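Report on the structure
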Amino acid sequence: MKHYHSIRQRFASSSRMQIRMIPMIDVVFLLLIFFLMTANFRPREGFLPAELPRQITRSDLVELEPLLIYLQSRPDGSCVVDIGDAGSFTVGSPEERGSFSDLGVELKKIIAQQGRNLDDPVKLVPNALTKWDHVVKTYDMLWQLDLRNIIFTMVE
Amino acid sequence: MRIDFYRGSEPFNTMIKKHSILRFHSEPQFNMTPMIDVVFLLIIFFMLICQFIVRENYTLAVPDDCPSAVVTNQLDRNAVTVSVFPGDDGGGDDKLPLYAVRASVFDPYGQKYKNNFPLLLADLTDSIADQSSAKVAPLIHIRADRNLTYGQVQNALLASAGAGQTKIQIAAFRSEKVAE
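Each residue is numbered by its place in its chain's sequence as written, counting from 1. All chains are assigned letters beginning at A, and all ligands numbers beginning at 1, according to the order in which they are written. In keeping with the predicted nature of the model, local features appear solely for residues at pLDDT of at least 70, side-chain atom pairs appear and are counted solely at 80 or more, and the whole-chain, interface and lining totals rest on all residues. Only hydrogens and water are removed before side-chain values are computed, so all heavy atoms of the structure are retained for them.

**With respect to the sheet that holds strand β5 (residues 104-106) of chain B**
The condition that has to hold: A pair of strands is treated as paired once DSSP finds two or more bridges between them. Where helices and strands are cited, they refer to DSSP runs of H or I of at least four residues and of E of at least two residues respectively, numbered from the N terminus. Whenever a helix is involved, its axis is fitted only over the stretch in contact; in every case the axis is a line through C-alpha atoms, and angles between N-to-C directions fall within 0 to 180 degrees. The contact criterion used is simple: two residues touch if any of their non-hydrogen atoms lie within 4.5 Å.
The mixed open sheet is built from six strands, whose spatial order is β1(A)-β7(B)-β6(B)-β3(B)-β4(B)-β5(B). Edge strands, defined here as strands with exactly one partner in the open sheet, are β1 (46-51) of chain A together with β5 of chain B. Neighbour-to-neighbour, the strand axes of this sheet turn through a mean angle of 25°, independent of strand direction. Where strand β3 (residues 79-85) of chain B meets strand β6 (residues 139-144) of chain B, six bridges bridge the pair, whose relative direction is parallel. Considered in β6 of chain B, the bridge of V80 of chain B is made with I140 of chain B. The strands that helix α4 (residues 132-144) of chain A touches are β1 of chain A together with β6 and β7 (167-172) of chain B; relative to β1 of chain A, the one it contacts most, it runs at about 80°. Packing against the sheet, helix α4 (residues 150-162) of chain B makes contact with β3, β4 (98-101), β6 and β7 of chain B, and its axis sits at approximately 170° to β6 of chain B.

**A few points about a nonpolar patch on the surface**
Which entries qualify depends on this criterion: Patch construction takes residues with relative accessible area above 30% that form no salt bridge. Like charges are linked within 9 Å, and nonpolar side chains (Val, Leu, Ile, Met, Phe, Trp, Tyr) are linked within 5 Å. Here the Shrake-Rupley method, with its probe set to 1.4 Å, supplies the accessible areas, and only the displayed protein chains count as covering residues. Put simply, a salt bridge is a Lys or Arg side-chain nitrogen that is within 4 Å of an Asp or Glu carboxyl oxygen.
Taken together, I19, M21 and M24 of chain A together with F40, I44, F45, L48 and I49 of chain B make up a surface patch of nonpolar side chains, about 800 Å² in accessible area. Mapped onto the nonpolar patch, the elements with two or more residues apiece are α2 (21-38) of chain A together with α2 (32-49) of chain B. It is α2 of chain B that provides the largest number of residues to the nonpolar patch, a total of five residues. Considering the arrangement of structural elements, one finds I49 of chain B in helix α2.

**Things to note about the pairing of strand β2 (residues 67-73) of chain A**
On any regular strand, side chains alternate: one points to one face of the sheet, the next to the other face. All names here are of chain A. Heads up, the rule is: Buried, partly exposed and exposed residues are distinguished by accessible area as a fraction of the type maximum, computed with a 1.4 Å probe on protein chains only: under 20%, between the cut-offs, and over 50%, respectively.
The alternating pattern of β2 places L67, I69, L71 and S73 on a buried face, while none of L68, Y70 and Q72, on the opposite face, is buried. Strand direction decides the pairing type here: β2 and strand β5 (residues 122-126), joined by five bridges, are parallel. Paired with L67 across the strands is V122, a residue of β5. Two strands pair when backbone bridges link them, and β2 and strand β3 (residues 79-83) are joined in this way by five bridges, in the antiparallel orientation. Paired with Q72 across the bridge in β3 is V80. In this structure, the hairpin formed by β2 and β3 is closed by a connection of five residues, where G77 is found at a positive phi of approximately 95°.

**Focus on the confidence of the model for chain A**
As a reminder, the rule being used: pLDDT is defined as a per-residue confidence score from the predictor, taking values between 0 and 100.
Looking at chain A, pLDDT values average 81 and 80% of them are 70 or higher. Within chain A, the element-level pLDDT minimum falls on helix α1 (residues 7-14) of chain A, averaging 57, and the maximum on α4 of chain A, averaging 93.

**Section: unusual backbone geometry**
Here the phi dihedral of D146 of chain A falls at roughly 65°; this positive angle occurs in a residue that is not glycine. With respect to the helices, strands and loops of the structure, D146 of chain A is situated in the loop between α4 and β6 (150-152).

See below:
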């Protein structure tokens with residue numbers, strides 16, 4: 001038996017609701033391009049753990065005499081590192097090509113010579129004009145040597 | 001009467017017929033559906049992997065070439081970021097930098113703190129204490145520009161210690177990298 005559709009039915013079937021995809025795709029592409037262009041991807045940073053004393057004071061009262069490491073930045077971008085009375089090293093100088101890794105090797109020898117343990121305190125003594133970069137790199141070098149008892153000195 | 005158009009050896013009307021059949025069957029169509037799928041997947045991917053840090057992305061270059069720096073896969077939800085960075089004029093060793101606790105910026109040359117640095121230090125300490133009190137096990141992330149001096153950064157350390165937060169983490173890149 002043959003079925004015949006009325007005109008209304010035929011009209012209804014031909015004018016079914018349809019989602020128009022093309023404008024949506026346009027918008028989606030525009031959004032994608034916008035986000036890709038405007039996104040400012042921050043490189044993933046690492047973190048060096050440190051602990052500050054409960055009360056930072058400017059007193060020098062420490063139970064065990066710490067190994068003092070003096071840091072002084074120079075205008076040419078290098079850093080002069082004085083390890084107590086044991087010696088002075090220049091790091092990052094264009095002429096001497098010393099690196100913080102080399103300094104670590106020297107420091108390890110000094111620690112062994114002085115009979116210190118890894119738990120013994122090490123005091124970083126930068127001055128007010130020492131570059132933060134040099135302070136952090138020295139701290140990192142100490143951390144690489146498994147020295148954990150590191151004290152930051154506050155400066156005037 | 002039949003007119004045959006010849007072009008070469010093939011009758012022209014046969015050629016037209018062949019061509020029209022070919023065109024009808026092999027008309028290139030752009031299949032959009034897989035592309036839309038991929039685009040949507042890309043959007044979802046980017047939205048999921050991006051960790052949006054609202055108004056905390058100050059322009060500063062943390063120290064690099066620090067192999068001991070630990071890189072974590074996820075941001076620590078208990079972290080309170082304290083940023084220290086030079087002002088718009090580029091700063092200098094004799095100028096005070098800007099300090100920020102998350103999105104709150106403390107400008108030593110602003111209206112409020114001009115010629116009153118102790119007030120800035122007190123507010124910085126209070127702000128760190130406020131932000132830390134909302135966290136379970138607070139951890140202070142110190143993000144300081146590598147070109148600043150220790151004298152400039154130590155105020156942030158003092159403020160953290162003053163707020164009773166002694167556990168800090170110093171931001172640094174593991175490898176040698178020139179950051180923005």
